[in-house]
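Observations on the three-dimensional arrangement
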Amino acid sequence: MTEQQPVGAVPRPTLESVAERAGVSRATASRVVNGGEGVRASLRAKVQQAVDELGYVPNLAARTLVTRRNRAVAVVVAEPESRLFSDPFFAQHLRGISRELSAADNQMVLLLVEDQQDYERVGRYLAGGHVDGALLFSLHHSDPLPEMARRVNLPTVIGGRPGWPGAEADRELLYVDSDNRGGARLAVQHLRSLGRTGIATITGPLDQTSSIDRLDGYRDLLPDGDPELIAEGDFTADGGGRAMTQLLDRRPDLDAVFAASDAMASGALRVLRGRGRRVPEDVAVVGFDDVESIAAWTDPPLTTVRQDIEEMGRLMARLLLRRLAGQSSSGPTSIIIPTRLVLRATA
């Protein structure tokens with residue numbers, strides 16, 4: 001493949017000029033600059049020196065032919081763009097992914113699933129050979145994305161514990177998650193230590209494993225709890241506010257709330273204030289995530305369970321890069337990141 005210069009463009013270094021400067025064949029220069037194998041270290045060093053001296057930039061199409069890699073990874077988020085761009089959780093998660101991929105000279109391709117018809121579009125893209133692998137997160141029950149990736153033999157890492165039947169026994173399945181259940185136990189344990197007895201919870205959507213695990217952690221410490229103290233939210237501030245209204249209408253005597261996300265906790269605080277309830281004097285509140293742009297800026301600042309969201313993104317990307325390099329069999333198939341309680345003014 002001979003590189004062509006656009007008409008009228010300033011000449012740029014070519015692979016031929018790199019080979020001439022290094023004193024090697026064009027084929028040898030191509031293998032070095034495009035990541036191929038089978039070149040002696042001494043020749044590789046000469047080619048790299050010529051690349052640096054000439055300022056040569058490898059041709060992406062040629063590199064793909066040699067390495068059979070696009071150096072691009074799809075990040076598929078099963079959420080509408082309105083939530084992705086309004087919830088700081090996703091910004092932190094994507095930042096961790098982007099930093100890890102960039103450090104390995106890989107591009108991130110962001111794909112969103114707004115509604116059911118988007119699955120066909122995303123499936124065509126994943127099957128089209130445009131990316132080397134995929135990172136899938138914020139999945140809901142019966143989400144077809146994992147099966148779509150498996151069908152086209154695309155290496156994949158899941159964000160969050162997989163919830164479909166047989167997933168936990170699948171040794172080829174890679175995933176990264178936080179200790180959601182343990183974190184919920186920390187929250188409820190803290191509220192009980194304050195002497196609170198009417199402890200409610202606002203769950204996330206119960207078609208997601210993170211929400212189920214946080215509810216299970218709540219129930220671990222309150223196995224005989226009143227079902228009226230449980231309300232389902234949607235990980236948004238508005239959803240948290242609606243759930244808090246339901247809880248107060250059902251059980252006006254409640255004296256504590258564990259919200260399964262900081263965003264929902266912020267909505268709950270707004271409703272409590274509107275109902276004339278003092279926090280934490282009348283009702284103690286604990287959130288989950290420790291998203292700084294929410295937890296540190298609520299009024300009062302939010303006690304919450306911290307999960308390292310950015311690290312989860314980094315580890316997802318790292319696991320996928322390891323699998324693409326053929327190293328997955330020597331490493332873990334799942335990583336669970338510890339959580340911890342961060343004390344602020346609401347509890």
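Residue numbers here run from 1 along each chain, matching the order of that chain's written sequence. Note on the predicted model: pLDDT of at least 70 is required for a residue's local features to be given, and 80 or more for side-chain atom pairs to be given and counted; whole-chain, interface and lining totals, by contrast, use all residues. Each side-chain value is derived from all of the structure's non-hydrogen atoms; neither hydrogens nor water enter the calculation.

To continue, consider the pattern of salt bridges. One side-chain nitrogen of Lys or Arg within 4 Å of one carboxyl oxygen of Asp or Glu is enough to make a salt bridge. Tallying each qualifying case throughout the model produces 25 salt bridges. Of the charged contacts in the structure, one is a salt bridge between R181 and D220, with a shortest N-O distance of 2.8 Å. Of this pair, R181 sits in helix α9 (residues 180-193) while D220 sits in helix α10 (residues 209-221), and the two are 39 residues apart along the sequence. Only protein chains enter the accessibility calculation, which uses a 1.4 Å probe; a residue whose area is less than 20% of its type maximum is buried, one above 50% is exposed, and one in between is partly exposed. Judged by its relative accessible area of 35%, R181 falls in the partly exposed class. Ionic pairing is found between R270 and D238, a salt bridge with its closest N-O pair at 3.6 Å. Of the two residues, R270 is situated in helix α12 (residues 262-274) and D238 in helix α11 (residues 237-250); the sequence distance between them amounts to 32 residues. Look at the salt bridges and you will find they share partners, linking R95, R99, E310, E311 and R314 into a network. Labels follow the DSSP assignment, with helices taken as runs of H or I lasting at least four residues and strands as runs of E lasting at least two, numbered in each case from the N terminus.

Attention now goes to the environment of N153. The residue N153 is located in the loop between α8 (145-151) and β4 (156-159) in this model. Residue N153 is classed as exposed on the basis of its relative accessible area of 68%. For N153 and G133, which are 20 residues apart along the polypeptide, the C-alpha to C-alpha distance reads 9.2 Å.

To continue, consider helix α3 (residues 41-54). In an α-helix, one turn spans 3.6 residues; hence positions three or four apart end up facing the same way. Helix span is expected to be 1.5 Å times the residue number reduced by one. Over its 14 residues, α3 runs 20 Å from end to end, which matches the ideal 20 Å to within 8%, given 1.5 Å per residue. All of the buried residues along α3 are L43, V47, A50 and V51. The arc that holds every buried residue of α3, seen down its axis, measures 100 degrees, which confines them to one face. Opposite the packed face of α3, turned more than 90 degrees from it, sit the exposed residues A41 and D52. Buried-residue contacts for α3 involve α1 (15-22) and α2 (26-33). G55, located one to two residues past α3, shows a positive phi value of around 70 degrees. Think of it as the arc spanned by the lines of direction from the helix axis to the C-beta atoms. The contact rule is simple, with two residues in contact once any of their heavy atoms fall within 4.5 Å.

Each regular strand shows side chains that alternate between the opposite faces of the sheet. If DSSP finds at least two bridges between two strands, the strands pair. When strand β9 (residues 284-289) meets strand β10 (residues 303-306), the two strands line up parallel, connected through four bridges. Across the sheet, residue V286 finds its bridge partner in β10, namely T303. Strand direction decides the pairing type here: β10 and strand β12 (residues 340-342), joined by three bridges, are antiparallel. By the bridge assignment, V305 is partnered in β12 with L341.

Burial of nonpolar side chains together is a common tendency in soluble globular proteins. Ranked by internal contacts, the top residues of the largest apolar core, which has 40 residues, are L191, I202, Y218, M244, L254 and V285. Elements with a minimum of two residues in this core: α9, β6 (199-203), α10, β7 (230-232), α11, β8 (256-259), α12 and β9. Considering each element in turn, this core owes the most residues, six residues, to α12. Excluding residues within four positions of it along the chain, V285 makes contact with V257, A265, L269, L272, V279, L302, T303, T346 and A347. Within this scheme, the nonpolar core is defined by two criteria: the residues are buried Ala, Val, Leu, Ile, Met, Phe, Trp, Tyr or Cys, and they are joined through side-chain atoms within 4.5 Å. Counting 28 residues, the second largest nonpolar core, distinct from the first, contains L112, M312, M316 and L319.

Now for the sheet that holds strand β5 (residues 174-178). Within the open sheet, the six strands sit side by side as β2-β1-β3-β4-β5-β11. Their pairing is parallel. On the outer flanks of this sheet lie β2 (107-112) and β11 (334-337), each paired with one strand and no other. Taking each pair of neighbouring strands and ignoring which way they run, the sheet shows an average axis angle of 15 degrees. Where strand β1 (residues 72-77) meets β2, six bridges bridge the pair, whose relative direction is parallel. Within the sheet, the bridge partner assigned to V73 lies in β2 and is M108. Every angle, taken between N-to-C directions, lies between 0 and 180 degrees, and every axis is a line fitted to C-alpha atoms, over only the stretch in contact when it is a helix. Sheet strands touched by helix α14 (residues 309-324): β1, β3 (133-137), β4, β5 and β11. Its angle to β5, the strand with the most contacts, is close to 165 degrees.

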